[in-house]
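# Reading the structure
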Amino acid sequence: VSGAEVRPLRFSGDALELLDQTLLPGEERWIRCAGATEVAEAIRRLAVRGAPAIGLAAAYGAALSARDGGLEDGCRALVEARPTAINLRWAVERVRAAAVEGGPGAALAMARRIESQQVEADRRLGEHGATLFGEAERVLTHCNTGALATGGSGTALGVIRTAHARGGVSEVLVDETRPLLQGARLTAFELDRLGIPYRVVPDSSAGALMARGLVDRVIVGADRIAANGDVANKIGTYTLAVLAERHALPFVVAAPLSTIDPASPSGEAIPIEQRDGSEVTTVAGTEVAPRGATALNPAFDVTPATLVTALVTEAGVLRPPYPRSIADVLAR
Ligand code: MRU
């Protein structure tokens, strides 16, 4: 699948450079992170976001900490930057182990390997996912799961991209994804560049759009998938899954195997990041609530496995019962 590729990060040899996603789509500014502390801070403030891309940034951050002689502190700061996306811990642990075994050179080689594996996982995932589509489907998606979120071609958006190239998608309905508008800002930005037809829709319109017959399928990414198939993803995903069931629409989750956490038996074990209330009381920096208004801001929710029609991974499309299909694929 071709298309103008956007990239969330690049390693310059002595620093990690990140495309600051908080400024998109208005401004394309690259920021330079010279060490693990800066990378952790960039992850925390969402300059780089999306589970696999966070993993890649943290992998390079861990490699920088190995070079700078502060491996343990650097890895700890990176792992603590955000709690929900398991790819972060997964990537840091791999680079840390490589550093302990073979030093800074081995750590950097591991970070590069994780990056190329992600690109390949996205490609395969797109192929597998595209087989689910019929002709000219109207697809609803949430948050941003494209190149910006993975460093490859994307998870759910990568599937959409491959399916679109084969005639399987006629239009993408893009949830704006409040409070931080990853859909309106980032997914629309990517779809523009790819030339895939889309319309941004208010998060709250999903039920009405489904009831009017304007949606054929929902496909989203994941930040962590428990061993039983429960899926943690951007807040609002659970709502879509419930609505999809009500309207008998397929609800598909696309994620690399690195997003599956065998150590979380179910969604209950997945920590949900709580972010600052100011993200809710403001829109693009403008206060929209009365001064002093309090807010509740969980960044993710958990969709029970019973609402998930299919789980698309680079190793194939998993179906219920997920405890078994997940255990099987991880044992391969
Ligand atoms: O808070 P974010 O923007 O990092 O949340 C991202 C998501 O929830 C994505 O859907 C998920 O990471 C999958 S990205 C391929």
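As a starting point, this report considers the structure included with it. The shown structure was predicted, so the numbers you read here are calculated from the model rather than taken from an experiment.

## A look at the site of the ligand
Not every one of the 17 residues close to the ligand is listed here, only the nearest: R49, R82, D223, N233 and K234. A51 has a polar backbone atom sitting 2.8 Å from an oxygen atom of the ligand. K234 is positioned with one of its side-chain polar atoms (N or O) 2.7 Å from an oxygen atom of the ligand. Contact with the protein chains hides 99% of the accessible area of the ligand, taken as 410 Å² for the molecule alone. Of all the elements in the fold, those that place two or more residues in the shell around the ligand are α2 (51-67), α5 (147-150) and β9 (231-234).

## Brief notes about empty space enclosed by the protein
Remark: the empty space left among the atoms is shown by a probe the size of a water molecule rolled over them. A full pass over the atoms with the stated rule returns four cavities of 30 Å³ or more. Taken as a whole, the largest cavity encloses approximately 190 Å³ of empty space. Taken together, 20 residues make up the lining of the largest cavity; nearest its centre are R49, G50, A51, N144 and D223. The set of elements that each furnish at least two residues to the lining of the largest cavity consists of α2, α5 and β9. Element by element, the count of residues in the lining of the largest cavity is highest for α2, at three residues.

## A closer look at α2
With 17 residues, α2 should reach 24 Å at 1.5 Å per residue; the first-to-last C-alpha distance of 25 Å fits that figure. The buried count for α2 comes to 16 of 17 residues, which makes it a mostly enclosed element. Just downstream of α2, G69 is the residue with a positive phi angle, here 75°.

## Some details on the sheet that holds strand β11 (residues 260-261)
The strands making up a sheet associate through hydrogen bonds between their backbones, and the pairing can be parallel or antiparallel. Here we have four strands laid out as an open sheet, ordered β11-β8-β9-β14, and mixed in their pairing. Two strands lie at the open edges of the sheet, namely β11 and β14 (300-303), each paired on one side alone. Pairing of strand β8 (residues 224-226) with β11 involves two bridges; the strand directions are parallel. Residue pairing across strands places I225 opposite I260, the latter belonging to β11.

## Examining the packing of aromatic side chains
In the structure shown here, the tally under the stated rule is one aromatic pair. With centroids separated by 5.0 Å and ring planes inclined at 15°, the aromatic side chains of F11 and Y60 adopt a geometry described as stacked. Here the residue F11 occupies a position in strand β1 (residues 9-11), and Y60 occupies one in helix α2, the gap between them amounting to 49 residues. Of the two residues examined, F11 and Y60, each falls in the buried class. In this arrangement the basic side chain of R10 is found over the ring face of W30, its NZ or CZ atom lying 3.8 Å from the centre.

What counts and what doesn't
- Residues numbered from 1 in each chain as written.
- Predicted model: local features only at pLDDT ≥ 70, side-chain atom pairs only at ≥ 80, totals over all residues.
- Heavy atoms only, no water.
- Near = heavy atom within 4 Å.
- Polar contact = N/O pair within 3.5 Å; in protein donor to acceptor, adjacent residues only side chain to side chain.
- Areas by Shrake-Rupley, 256 points an atom, 1.4 Å probe, with all protein chains shown as cover.
- Helix = DSSP H or I, 4+ residues; strand = E, 2+ residues; numbered from the N terminus.
- 1 Å grid on protein atoms, 1.4 Å probe; cavity = no way out; pocket = protein on both sides within 12 Å on 5 of 7 lines; lining within 4 Å.
- Points joined across faces, edges and corners; volume = space filled by probe spheres on them.
- Expected span 1.5 Å × (residues − 1).
- Buried < 20%, exposed > 50% of the residue type's maximum accessible area, 1.4 Å probe, protein only.
- Pairing = 2+ DSSP bridges.
- Phe/Tyr/Trp six-rings, centres within 6.5 Å; stacked < 30°, edge-to-face > 60°.
- Lys NZ or Arg CZ within 6 Å of the ring centre and 35° of its normal.

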